[in-house]
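# Observations on the model geometry
Next come the chains, spelled out residue by residue.
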Amino acid sequence: MVLMQRGMKDKRYKKTEEKMLSVFFVYPDYTMRQLAKKAGVGRSTAYFHHSSVRRIVPDCEKYVLIEYRRVFKKDADIKKIFFDLLIFVLKNRKFFELFLKFNDREILIKMLFFLKPFFRGPEKCFRIYVAEVAEVVFEWGRGGFSEDKISGVLSDIMYLTRTAYDRLSPIR
């Protein structure tokens, strides 16, 4: 995984990650050798990317989170942050399609936790808010991450944000 950081910007690296992940989700019981063969990559390339089969999903999640951290701007307004998140999901559509195919919202939830510093209120409320926003993005994913639906998705998220803010403003 340490070596992975060398190839993060490399398109070939990303393409190999997508292949490995897509094969893994279809054949989760395969060995690394079988996954590499099915993905059309060499065994040493597969091990360069992941130390074992059990590390594939966590490694991919870590890769996505590191890449997202690079584009996440703490000083932007909340609408811009969500817009950037949706564009990031769009650019990394293949990863998210695979995660969402198996109802794995965890990666979205981890990304949304970057918003914690913006949220004032009880932890439980923040977790509910994050789950609701993740559900909106998940629904967009079910529709194929259509570019022309971004404004509607962003509107839904901003509605949730305003609602959460309105409900919590007396707490401040």
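Residues numbered from 1 in each chain as written. Predicted model: local features only at pLDDT ≥ 70, side-chain atom pairs only at ≥ 80, totals over all residues. Heavy atoms only, no water.

### Re the overall build of the protein
Our working definition: The helix count covers DSSP runs of H or I at least four residues long, the strand count covers runs of E at least two residues long, and both are numbered beginning at the N terminus. For every residue, the accessible area (1.4 Å probe, protein chains only) is compared with the maximum for its type, and the residue is labelled buried under 20%, exposed over 50%, or partly exposed between those bounds. Whether two residues are in contact is decided by their heavy atoms, any of which lying within 4.5 Å being enough. Computed with a 1.4 Å probe, the accessible areas rest on the Shrake-Rupley method; for each residue, only the protein chains presented here act as cover. Positive charges come from Lys and Arg, negative ones from Asp and Glu, while His and the chain ends are left out of the count. To locate a charge, the coordinates of NZ of Lys, CZ of Arg, CG of Asp or CD of Glu are taken.
Along its length, the protein carries 9 helices and 0 strands. Counting every position in the protein, which comprises 172 residues, the buried fraction comes to 45%. Contacts in the protein between residues far apart in sequence, at least 24 positions, make up 65% of those at least 6 positions apart. Of the roughly 10100 Å² of accessible surface on the protein, a fraction of 53% belongs to carbon and sulfur atoms. Separation between the mean location of the 35 positive side-chain charges and that of the 21 negative ones in the protein comes to 5 Å.

### Considering the packing of helix H4 (residues 56–71) against helix H6 (residues 93–101)
Stated formally: In this analysis an axis means a line fitted to C-alpha atoms, helices contributing only their contacting stretch, and an angle means the value between N-to-C directions, from 0 to 180 degrees. Angular relationships are summarised with four words: roughly parallel below 35 degrees, roughly antiparallel beyond 145, roughly perpendicular across 65 to 115, and oblique for the angles in between. Left-handed is the label given to a crossing in which the near helix is rotated counterclockwise from the far helix by less than a right angle, and right-handed is the label when the rotation is clockwise. All residues other than Ala, Val, Leu, Ile, Met, Phe, Trp, Tyr, Cys, Pro, Asp, Glu, Lys and Arg, Gly among them, are scored as polar; the first ten of these are nonpolar and the last four charged.
One way to put it is that H4 packs onto H6 with a least axis distance of 12 Å and a crossing angle of 135°. With respect to their mutual orientation, H4 and H6 come out oblique. Handedness of the crossing formed by H4 with H6: left-handed. From H4, Val57, Cys60, Glu61, Tyr63 and Val64 reach across to H6, where they touch Phe95, Phe96 and Phe99. In terms of residue class, the contact of H4 with H6 is made up of 7 nonpolar, no polar and 1 charged.

### A closer look at unusual backbone geometry
Even without a glycine there, the phi angle at Phe145 is positive, about 55°. Residue placement: Phe145 occurs in the loop between helix H8 (123–142) and helix H9 (150–168).

### Some thoughts on the confidence of the model for the protein
To keep it simple, the criterion reads: Confidence of the predictor at the level of single residues is given by pLDDT, which spans 0 to 100.
Per-residue pLDDT for the protein has a mean of 84; in total, 92% of the residues score no lower than 70. Of all secondary-structure elements in the protein, the lowest mean pLDDT belongs to H6, at 81, while helix H2 (residues 32–39) reaches the highest, 94. Counting interchain partners and residues more than four positions distant, the pLDDT-below-50 stretch residues 1–7 has 10 contacts.

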